[in-house]
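Structure assessment
Below are the chains, spelled out letter by letter.
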Amino acid sequence: MKRTWFAALALLAVPSASAVAADDGTGPLGVTAVAPESPQSARVGVLAGADRAGDLAGGHFCTASVVHGPHRNLILTAAHCLGDDGDLVFVPGYRDGRAPYGVWTVERRFLPDGWARGQDEDSDVAFAVLAPRGGRNVEDVVGANRFVTGAETGATAVTVTGYPDEREAPVSCTDRPHAHSRGQQRVDCPEFTGGTSGSPWVDGDRQVVGVLGGHEQGGATADTSYSVVFGAAAAELYKDAAADP
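What counts, and at which threshold
Position labels on residues start from 1 in each chain and follow its written sequence. Note on the predicted model: pLDDT of at least 70 is required for a residue's local features to be given, and 80 or more for side-chain atom pairs to be given and counted; whole-chain, interface and lining totals, by contrast, use all residues. Computation of side-chain values covers all heavy atoms of the structure but excludes hydrogens and water. Numbering of helices and strands runs from the N terminus; a helix is a DSSP stretch of H or I covering at least four residues, while a strand is a stretch of E covering at least two. The buried label applies to any residue whose accessible area, calculated with a 1.4 Å probe on protein chains only, is under 20% of its type's maximum; exposed applies above 50%, and partly exposed to all values in between. Here the nonpolar core consists of buried residues drawn from Ala, Val, Leu, Ile, Met, Phe, Trp, Tyr and Cys, with membership extended through side-chain atoms lying within 4.5 Å. Throughout, a residue-residue contact means that at least one pair of heavy atoms, one from each residue, lies within 4.5 Å. For this text, the term disulfide refers to a pair of cysteine sulfurs within 2.5 Å. When a carboxyl oxygen of Asp or Glu is within 4 Å of a side-chain nitrogen of Lys or Arg, the pair counts as a salt bridge.

**A look at unusual backbone geometry**
A positive phi angle, close to 60 degrees, is found at R72, a residue other than glycine. With respect to the helices, strands and loops of the structure, R72 is situated in the loop between β3 (60-67) and β4 (74-77). You can call R72 partly exposed: its relative accessible area is 32%. A positive phi angle, close to 50 degrees, is found at Q119, a residue other than glycine. Looking at the element boundaries, Q119 is found in the loop between α3 (113-118) and β7 (126-130).

**A word on the nonpolar core**
L47, V66, I75, L82, F90, L130 and V138 are the most contacted members of the largest nonpolar core, which has 22 residues in total. In terms of residue count, the dominant contributor to this core is β3 (4 residues). Those residues in contact with L130 that lie beyond four places of it in its chain are N73, I75, F90, W104, T105, V106, E107 and V138.

**Considerations on the state of the cysteines**
Applying the stated criterion to the full structure yields 2 disulfides. Residue pairing for C62: its cysteine sulfur links by disulfide to C81, the two sulfurs lying 2.1 Å apart. Where C62 bonds to C81 through sulfur, the torsion about that S-S bond is close to -75 degrees, and the disulfide is left-handed. One end of the pair, C62, is in strand β3; the other, C81, is in helix α2 (residues 79-82), and 19 residues separate them in sequence.

**Side note on the pattern of salt bridges**
In total, this model carries 6 salt bridges according to the counting rule given. Its salt-bridge partner being D140, residue R72 comes within 2.5 Å of it at the nearest N-O pair. Taken together, the residues R72 in the loop between β3 and β4 and D140 in helix α4 (residues 138-142) connect sequence positions 68 residues apart. Given a relative accessible area of 32%, D140 falls into the partly exposed group. The partner of D188 in a salt bridge is R186, with the nearest N and O atoms 4.0 Å apart. Taking relative accessible area as the criterion, D188 reaches 30% and is therefore assigned partly exposed. On the basis of relative accessible area, R186 is assigned to the partly exposed category, the value being 26%. Here the residues in one salt-bridge network are R72, E139 and D140, joined through shared partners.

Below is the structure:
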């Protein structure tokens, strides 16, 4: 369970000789490192309880990312990150206790029926609508990736970016996903520990084709992570969330 499972994080600073370049040119495959500050990493952030909005260090518990919507106010994460009661905030680009792009209040949550009824692991994906800040929406500030469904698993490498609970900066890894089951895909990236649930899987076209969660709520070990396969149910959920003003 990547929401709460903890382990020591030893990031690789130098890729192994066996590492090969990713198709989209983002670097070696299967190597986890601290994500550089960039427009892409600014779209990824932490979820935290609203009571921690003024004291974020050590208080975040899941990852989420901004996805494009007509109202420019959507984030994507795992359903098991949004299933509990309590007010939440999203902090894009979070690093070292700082909120460079502001702290955004979660207004509404959209969880699939399959998750709400029985926590079906093939339904572990969710959206949330954020309240505007100062007359602007989150996508106006940090941009967004596109949420897509029906992508062929493993057609291209993906970059997974997320926030381990025990770190105050995001980590990322690029690798090629593989099918785990009809409704699940997996990627082998080391050191994705508790807190990385909800991490987006972004391909070279800046499309989100997965979100860390699903089987074992994202994976029982730090080295293999899972995502639901985005199909018709995910498309319908996105449609509902995107229609919310």
